[in-house]
Amino acid sequence: PAVRLPLNSPRLARVFHNLIANAVDAMPAGGAIKLRFRVTDQDVTTEIEDTGPGIPAEVADRLFDAFVTHGKPRGTGLGLSIAKRIIEEHGGTIAARNQPGGGAVFAFSLPRQRVAAGAQ
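The structure contained in this document is the topic of the report that follows. Only a predicted model underlies this, so the values are computations on that prediction, with no experimental measurement involved. (Residues numbered from 1 in each chain as written. Predicted model: local features only at pLDDT ≥ 70, side-chain atom pairs only at ≥ 80, totals over all residues. Heavy atoms only, no water.)

1. Section: the nonpolar core
Val 15, Leu 19, Leu 63, Ile 87, Ile 94, Phe 106 and Phe 108 are the most contacted members of the largest nonpolar core, which totals 18 residues. Listing elements by their share of this core, those giving two or more residues are α1 (9-25), α3 (79-89) and β4 (104-111). (Core = buried A, V, L, I, M, F, W, Y, C linked by side-chain atoms within 4.5 Å. Buried < 20%, exposed > 50% of the residue type's maximum accessible area, 1.4 Å probe, protein only. Helix = DSSP H or I, 4+ residues; strand = E, 2+ residues; numbered from the N terminus.)

2. Quick word on the pattern of salt bridges
Summed over all chains, the structure comprises six salt bridges. One salt bridge in this structure joins Glu 49 and Arg 36, with 2.6 Å as the shortest N-O distance. In this pair, Glu 49 sits in strand β2 (residues 43-50) while Arg 36 sits in strand β1 (residues 33-39), placing the two residues 13 residues apart along the sequence. Given a relative accessible area of 12%, Glu 49 falls into the buried group. When its relative accessible area of 31% is taken as the criterion, Arg 36 is described as partly exposed. (Salt bridge = Lys/Arg side-chain N within 4 Å of Asp/Glu carboxyl O.)

Shown next, in the form of C-alpha cells:
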C-alpha cells in the first residue's frame, strides 16, 4: 500500500528476501506465494503465505532462533532470526502460523510512527 513508514529500506528488503526465499525452498515442486497487507492507524501488517507443507512441529517453538533449520539441503538457519531482529529494530513484531489446509503464513507488523527509544 501507498503508506509512508519510518524504516531502513535495504534492511526491510532483507526481511522480504528471507521470508520469500524460505517459502520457495519449502515448495521444491512448485506452489504459490501470496502477499497481503493490512493498514491501520497504528501499523502496517504484511502477510506472506505459501502453499508448502507448513511449519514442522519440531521447530515451531524455536523458529526465530539462530541456527534453527529443518529439511533444507542448504541454508544456515539464520534467515528468520535476522528477519526477526530487523523487524524488532523497527519497533515491529513478527510471527508465524500454519494454515488449517496446509501452508505457512509469516506476518510482520511495523508501526506507522517512529517509536521513541525506550518507550513501550
